[in-house]
Amino acid sequence: MASHIGVVPPPMTPAKGNEPKTAEKIDYLNLPCPIPYEEIHREALMSLKPELFEGMRFDFTKGLNQKFSLSHSVFMGPMEVPSQASETIKIPTAHYEFGANFLDPKLMLFGRILTDGRLNARVKCDLTDNLILKANSQLTSEPHMSHGMVNFDYKGKDFRIQFQLGNGALFGASYIQSVTPHLSLGSEVFWAGQHRKSGIGLAARYNTDKMVATGQVASTGMVALSYVQKVSEKVSLASDFMYNYMSRDVTASFGYDYVLRQCRLRGKIDSNGCTAAFLEERLNMGLNFILSAEIDHWKKDYKFGFGLTVGE
Amino acid sequence: MATRVALKANGKKGSKTSEERSTVKCLKEWSTWMMKKAKVITHYGFIPLVIIIGVNLKRKPTLSQLLTPF
């Protein structure tokens, strides 16, 4: 017995040396849950595609309750109309939008109605702990211009599955799986009955604490790669490369995102000769001032916008 | 005789397919009518639904709070 006790302590010191090695060993049965498939480019989109606008925007959100709030929004400015000519056609418009939001941990209802009768509604309901139902629709008074889509998301231990049903016989499904603690791979399939199109896509995402790299390929001809590096707590840099091998269209962009105490500044420059910047300045508690600028040197299209957001 | 039998067989096939076609048409028409009605109901009723759900909570907001923008 004494000999056994004598033998046990010496192995303790080599075990301490082995501890950092065992911490690095990957437990393949205990991987984290991956990001949803449609949010795979989330960090890159947040930095490179802010909500740029042209004109004046005023948003007021009034919270009536802990869960319920109403919002009033006014917009005045030129809206772009898609045209075949090389020049962009802009029509000055002004509209008022009324909205109601209900936020519960299990149910979220979001509705916005415009003065021209368009309704934008979103519903998100947690049916069980792992199953989420989402519905999204844009309804108009004009016939055949309304869209609706319903999603069912199932969250497994280290995977996510999503089914999508839309109007116009649109069916989609996507699956994403964590392969290592940093890498997740996913794929999606969709079938659009009305446009007689179907497609399959693959995506991969590698993220650490400091960087996120994603790649996506689709049978519609799109190849999208992005890389976001978090340089510090306040600064992150992002770059994006999009290539369409059917239409031979290439776009590369590079942007920055500064999250400072009183403001958030995002800027980007494009290979199409387009530079944009978006500033959100916090003037006071609940009062935000927004400036947006987008300059397209190639098409000679200059867009400047300003706005004010009141409320949480 | 053979031609008569052949004609009869064609007649039977025609009636079966016409029945199937009418039931499928009926279903399609009924589902399109339902979707149209559902669209109109959602268009007019979604925002009032959200407001009713929001107002029927524990801390009820008053009508004046609902109407004024302050």
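All values reported here derive from a predicted model rather than from experimental measurement. (Residues numbered from 1 in each chain as written. Chains lettered and ligands numbered in written order. Predicted model: local features only at pLDDT ≥ 70, side-chain atom pairs only at ≥ 80, totals over all residues. Heavy atoms only, no water.)

Which residues make up the overall build of chain B, and what values do they have?
Scanning chain B from N- to C-terminus turns up two helices and zero strands. Counting only carbon and sulfur atoms, one obtains 69% of the accessible surface of chain B, whose full area is about 6,400 Å². (Helix = DSSP H or I, 4+ residues; strand = E, 2+ residues; numbered from the N terminus. Areas by Shrake-Rupley, 256 points an atom, 1.4 Å probe, with all protein chains shown as cover.)

Can you explain the interface of chain B and chain A? Please cite residues and give values.
With 18 residues of chain B in contact, the opposing surface of chain A contributes 27 residues. With both sides pooled, the region where chain B packs onto chain A buries about 1,800 Å², and carbon together with sulfur makes up 74% of that total. Sorting the residues of chain B by area buried against chain A places B:His43, B:Phe46 and B:Ile47 first, and these three jointly supply 32% of that buried surface. Our count for the chain B to chain A interface comes out at zero salt bridges. Taken together, chain B and chain A are joined by three residue pairs in polar contact (both at pLDDT 80 or more). Going through the elements one at a time, helix H1 (2–55) and helix H2 (63–67) of chain B are the ones with two or more residues in the side of chain B that touches chain A. With 10 residues, the top contributor of residues to the side of chain B that touches chain A is H1(B). Within the side of chain B that touches chain A, the residues separate by chemical class into 11 nonpolar, five polar and two charged. (Contact = heavy atoms within 4.5 Å. Buried area = accessible area lost by both parts, 1.4 Å probe. Salt bridge = Lys/Arg side-chain N within 4 Å of Asp/Glu carboxyl O. Polar contact = N/O pair within 3.5 Å; in protein donor to acceptor, adjacent residues only side chain to side chain. Nonpolar A, V, L, I, M, F, W, Y, C, P; charged D, E, K, R; others polar.)

Provide a residue-level description of the pattern of salt bridges, including the pertinent values.
Pairs may arise between side chains of opposite charge once their charged atoms sit close together. Residue and element names in this part refer to chain A. Overall, the coordinates contain 15 salt bridges over all chains when judged by the stated rule. Its salt-bridge partner being Lys-134, residue Glu-38 comes within 3.6 Å of it at the nearest N-O pair. On the criterion of sequence distance, the pair formed by Glu-38 in the loop between helix H2 (12–24) and helix H3 (42–48) and Lys-134 in strand S6 (residues 131–139) is long-range, its members being 96 residues apart. Lys-134 sits in the partly exposed class, given a relative accessible area of 24%. (Buried < 20%, exposed > 50% of the residue type's maximum accessible area, 1.4 Å probe, protein only.)

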